[in-house]
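Remarks on the overall topology
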Amino acid sequence: MNDGPVSTFQFLGLTFSTANVVSGLVVFLLVLAVVFFTSRHLAMKPTKGQNFLEWLIEFTNGILKGSIPSNEVSGFGLYGFTLFLFLFLSNQLGLFIQLAMPNGATVVRSPTSDPIVTLTFSLMTLMIAQFSGVQKLGYKKHFANYLKPFVVWLPISIFEEFTNFLTLGLRIFGVIFSGEMLLKLIWGLATSHGLVTMIVAIPIEMVWQGFSAFLGAIQAFVFVTLSSVYISQKLEVEE
Amino acid sequence: MLSHLVVGSSLYFGDSLFYAICFILLLWVVKVLAWKPVTKMMQDRADKISNDIDSAEKSRSDAASLVEKRQAALNASRGEAQTIVQDAKTNGQQQRDQIVAQAQTDAQTLKTNAQKDIDQEREDALAGARNDVADLSIEIASKIIQRELNADDQKALIDSYIEGLGKHHES
């Protein structure tokens, strides 16, 4: 959330937001921990952790198979899996942990409640789409797709790439950002008039937290689904 | 540019770079740590299951053909056993008949021989007795009449006498 004072630091001439870097690192470590602890002692007969990991892999592969032809899915399975796990944990992180420095600047929150993070992943998806399109069809056929169905369609095709980039990134940002914003507002209400408002607000807070957790899962799913759609569009020659 | 589009707060492109690099690193670590071994394990399992299904199908058909063979062998041996029993019965019957026939013949022979012997002995006894009586009576007669009778005449006389006795007895 960017409504308070923002803590930043400079490194190699670039400006970094402390909140993004810290909470990003937290999520990266969480993803690593989940993957690490569920992949110990792999066996032909899966146990608890392996079952969960395999279920998750099947799930993300299933999302990809929804739009990408099944003989091409294996190339994007790892991306879809890691992206889903990362976005899901990012969306949930801010709902349960919000840390701020004494001056009010947030340090730990959902990384996905900052548009720069979501747009980074959106850009990454579109770059993968372009790259795999060129890899599969070759430059000529790939860029010929921009001229279809008519040559004059070119500006619209280019504009479409840009809107894809924005909508993919901003959709998830909007949902997570507003979820956290409302949590903060409800908490503000709870602490405004002592015990009375506290009793009223805490159930609302809990309900909204649960709903946001649901939305966070949905948004991670939607992001991966749309990513696979954008990638699959670049893998085939338009008629 | 984007900062004015979104919420009015500033966006730091350093973050973007940080996330991109970290995510690529994460992809690599996840691939090495979990993705490769787990997907390999899943593939292995899929292969194993399909192999198991194939081999189960094969052993099922093997078992079916084995059952068929066993059934055929059982039927054959049952028929054989029946034949053996039948043969044994026939043989037994034959042997019994033979033995009985043999015994009957033997008994008949024995009986005939015995009859013959008895007849012979009676004949001999009669002849002996006749001779003895003839000799005795000659002796007696010679002693009585003090003269030597012709033995053959005497014998004929006694024969006729004994015959008369036999007829007298039989009547």
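Conventions used here
Residues numbered from 1 in each chain as written. Chains lettered and ligands numbered in written order. Predicted model: local features only at pLDDT ≥ 70, side-chain atom pairs only at ≥ 80, totals over all residues. Heavy atoms only, no water. Helix = DSSP H or I, 4+ residues; strand = E, 2+ residues; numbered from the N terminus. Buried < 20%, exposed > 50% of the residue type's maximum accessible area, 1.4 Å probe, protein only. Contact = heavy atoms within 4.5 Å. Areas by Shrake-Rupley, 256 points an atom, 1.4 Å probe, with all protein chains shown as cover. Lys, Arg positive; Asp, Glu negative; His and termini not counted. Charge placed at Lys NZ, Arg CZ, Asp CG, Glu CD. UniProt positions renumbered as here; feature names shortened; annotations may be inferred. Salt bridge = Lys/Arg side-chain N within 4 Å of Asp/Glu carboxyl O. Polar contact = N/O pair within 3.5 Å; in protein donor to acceptor, adjacent residues only side chain to side chain. Nonpolar A, V, L, I, M, F, W, Y, C, P; charged D, E, K, R; others polar. Phe/Tyr/Trp six-rings, centres within 6.5 Å; stacked < 30°, edge-to-face > 60°. Lys NZ or Arg CZ within 6 Å of the ring centre and 35° of its normal.

This part takes up the overall build of chain A. Along the backbone of chain A there are six helices and four strands. Helices and strands appear in chain A in the N-to-C order β-β-α-α-α-β-β-α-α-α. Dimensions of chain A, computed from C-alpha atoms along their principal axes, come out at roughly 65 × 55 × 40 Å. The buried share of chain A, taken over its 239 residues, is 46%. The contacts of chain A with a sequence gap of at least 6 include a subset with a gap of at least 24, amounting to 71%. A total of about 11,900 Å² of accessible surface is found on chain A, and carbon and sulfur atoms cover 74% of it. Between the centroid of the 12 positive side chains of chain A and the centroid of its 12 negative side chains there is a distance of 7 Å.

Let us look at the UniProt feature "transmembrane region" (unreviewed entry) in chain A. All names here are of chain A. Look at the UniProt record and you will see "transmembrane region" (unreviewed entry) annotated at residues 12-38, 76-96, 116-138 and 211-231. Secondary structure content for residues 76-96 is 95% helix and 0% strand, while the C-alpha to C-alpha distance between its ends is 31 Å. Structurally, residues 211-231 comprises 100% helix and 0% strand, and the distance from its first C-alpha atom to its last is 30 Å.

Another point: the interface of chain A and chain B. One widely used convention gives an interface's size as the accessible area the parts lose upon coming together. The partner chain B presents 31 residues to the 49 residues of chain A that form the contact. Here chain A and chain B share one salt bridge between them. Between Arg-45 of chain B and Glu-54 of chain A there is a salt bridge, with the nearest N and O atoms lying 2.7 Å from each other. Summed over the shared surface of chain A and chain B, the number is three residue pairs in polar contact (both at pLDDT 80 or more). Listing elements by their share of the side of chain A that touches chain B, those giving two or more residues are strand E2 (14-17), helix H1 (18-38), helix H2 (48-65), helix H3 (77-96), helix H4 (115-144) and helix H5 (154-190) of chain A. Across the side of chain A that touches chain B, the residue classes break down as 32 nonpolar, 13 polar and four charged.

As recorded in UniProt, the sites labelled "transmembrane region" (unreviewed entry) are residues 16-35 of chain B. As annotated, residues 16-35 of chain B has a helix share of 100% and a strand share of 0%, and its two end C-alpha atoms lie 25 Å apart.

One pass over the full model with this rule turns up 20 aromatic pairs over all chains. Ring centres of Phe-86 of chain A and Phe-23 of chain B lie 5.9 Å apart, and the angle between their planes is 75°; on these two criteria the pair is classed as edge-to-face. Linking Phe-86 of chain A in helix H3 with Phe-23 of chain B in helix H2 (residues 13-145), this pair reaches from one chain into another. Take Phe-86 of chain A and Phe-23 of chain B: they sit in the same class, and that class is buried. Ring centres of Phe-121 of chain A and Tyr-19 of chain B lie 6.4 Å apart, and the angle between their planes is 75°; on these two criteria the pair is classed as edge-to-face. With Phe-121 of chain A in helix H4 and Tyr-19 of chain B in helix H2, the pair connects residues from two separate chains. The buried category is assigned to Phe-121 of chain A, whose relative accessible area is 0%. For Tyr-19 of chain B, a relative accessible area of 0% puts it in the buried group. Put simply, the rings of Phe-28, Tyr-79, Phe-86 and Phe-121 of chain A together with Phe-18, Tyr-19 and Phe-23 of chain B touch in pairs and so form one group of aromatic residues. Taking NZ or CZ as reference, Arg-40 of chain A lies 4.2 Å from the ring centre of Phe-36 of chain A, over its face.

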